[in-house]
Amino acid sequence: MALINLEDVSKLYGFGDATTLALDEVSLSINKGEFVAIMGPSGCGKSTLLNIMGLLDRPTHGSYKLSNRLVERLSPSRAAKLRRDTIGFIFQSYNLLPRLTVLENVALPLAYKGYSLTRRLELASSMLERVGMQNREYFYPSQLSGGQIQCAAIARALVNDPTIIIADEPTGNLDSNGSRLVMELLSEIHKMGNTVIFVTHNPELTRYATRVVYMHDGLVVQDETSDLGQVAKTARRNLYSVPRKSVEDDLAGVSLLMKVMPEDDKKDELAEEKPKSKRRKRGTTIRRRS
Ligand SMILES: Nc1ncnc2c1ncn2[C@@H]1O[C@H](COP(=O)(O)OP(=O)(O)OP(=O)(O)O)[C@@H](O)[C@H]1O
Ligand SMILES: [Mg+2]
């Protein structure tokens, strides 16, 4: 049984001449335990799709079943309750409150649960320990690195014990170390049985995913399963159709463990290591893999 089931979901923004069709009859099923990467050009509808799956927004048309329950027309308060109990959100901009400590930020989502303050802080503290941030509990967000802030944001997303983690470009503002930290953490959360759905523009990060969904102009244009540790096939093709920087840039945010190269990639990497002058003569055109 699918955990998330969208059927012919469309989303329109605006009115009249200014209407945007952000999602165009998207059908998508996601099972429990999948680690799904969503890719596609800017404006193709990735965030709109995540917001609908995460009950932050409603579709204009179509149906959405979450754990086999129709949810697309829930009242805002019911949607908010279901969201708090089942879904943890991580955004590109970290959304931590600057005047609260890391510990207080992580404890925030527990406020409505009726726990005492001490219990809330205890739970938040154990969650920070899980993400390796126990020694930063009394820091303020401004005193942390981007990667650490994002880890705190992940702890906050997890504190209510959601089964689905939705992350919209969680590494978008991070350097390669921060990205790796965040992706390893999401990987661990996935290994514990959670369903993780994340948006990325970096093809290398599909190494962490078990499935990659590609979008274009509000449509799902491709959907492929992907082996952990390897760049998804279509993502790899896209990777080679854009100007390459360096292998290091491409691998930003990918841990050593994830750098399992298939034979083809090994060849590419070896080619990358040769000095440029030996690889091609001046004036010759570079042929990219299509
Ligand atoms: N609140 C809104 N009002 C009007 N149009 C919107 C709104 N939110 C999104 N859109 C439009 O819907 C389309 C899809 O936007 P969306 O944010 O889902 O794209 P995206 O794939 O997440 O892009 P990016 O990679 O830049 O984050 C875009 O054309 C955008 O301008
Ligand atoms: Mg977006």
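Described below are features of the structure shown in this document. For every chain, the first residue of its written sequence is number 1, and the numbers climb from 1 along that sequence. For this description, chains carry letters from A and ligands carry numbers from 1, given in the order in which they are written. A pLDDT threshold of at least 70 governs which residues receive local features in this predicted model, and a stricter bar of 80 or more applies before side-chain atom pairs are shown or counted, although totals over entire chains, interfaces and linings include all residues. As a rule here, side-chain values cover all heavy atoms of the structure and leave hydrogens and water aside.

Moving on, we come to the pairing of strand S7 (residues 164–168). Burial analysis of S7 places five of its five residues in the buried class, the great majority of the element. Relative accessibility thresholds used throughout: buried, under 20% of the residue-type maximum; exposed, over 50%; partly exposed, between the two (1.4 Å probe, protein chains only). Labels follow the DSSP assignment, with helices taken as runs of H or I lasting at least four residues and strands as runs of E lasting at least two, numbered in each case from the N terminus. Alternating positions in S7 separate into two faces, Ile 164, Ile 166 and Asp 168 on one and Ile 165 and Ala 167 on the other, with burial throughout. Strand direction decides the pairing type here: strand S6 (residues 87–90) and S7, joined by four bridges, are parallel. Note that in S7 the partner of Ile 87 across the bridge is Ile 164. Being paired, for any two strands, means DSSP has found at least two bridges between them. With five bridges connecting them, S7 and strand S8 (residues 195–199) associate as parallel partners. Within S8, the position partnered with Ile 166 by the bridge is Ile 197. For the segment spanning S7, helix H6 (residues 176–191) and S8, crossover handedness is right-handed. Crossover handedness is defined here as right-handed if the route from the first strand over the helix to the second strand goes clockwise, with the strands pointing away from the viewer.

Next up on the list: the sheet that holds S7. Overall, mixed pairing links the six strands, which are arranged S6-S7-S8-S3-S9-S10 in an open sheet. Edge strands, defined here as strands with exactly one partner in the open sheet, are S6 and strand S10 (219–225). Each strand axis lies, on average, 15 degrees off the axis of its neighbour in the sheet, ignoring direction. Pairing of strand S3 (residues 35–39) with S8 involves four bridges; the strand directions are parallel. What sits directly across from Val 36, in S8, is Ile 197. Note on contacts: a residue pair is in contact if any heavy atoms of the two residues lie within 4.5 Å. Only the stretch in contact is used when fitting a helix axis, every axis being a line fitted to C-alpha atoms; angles between N-to-C directions are given from 0 to 180 degrees. Most of the contacts of helix H2 (residues 76–86) go to S6, to which it runs at about 80 degrees, and overall it touches S6 and S7.

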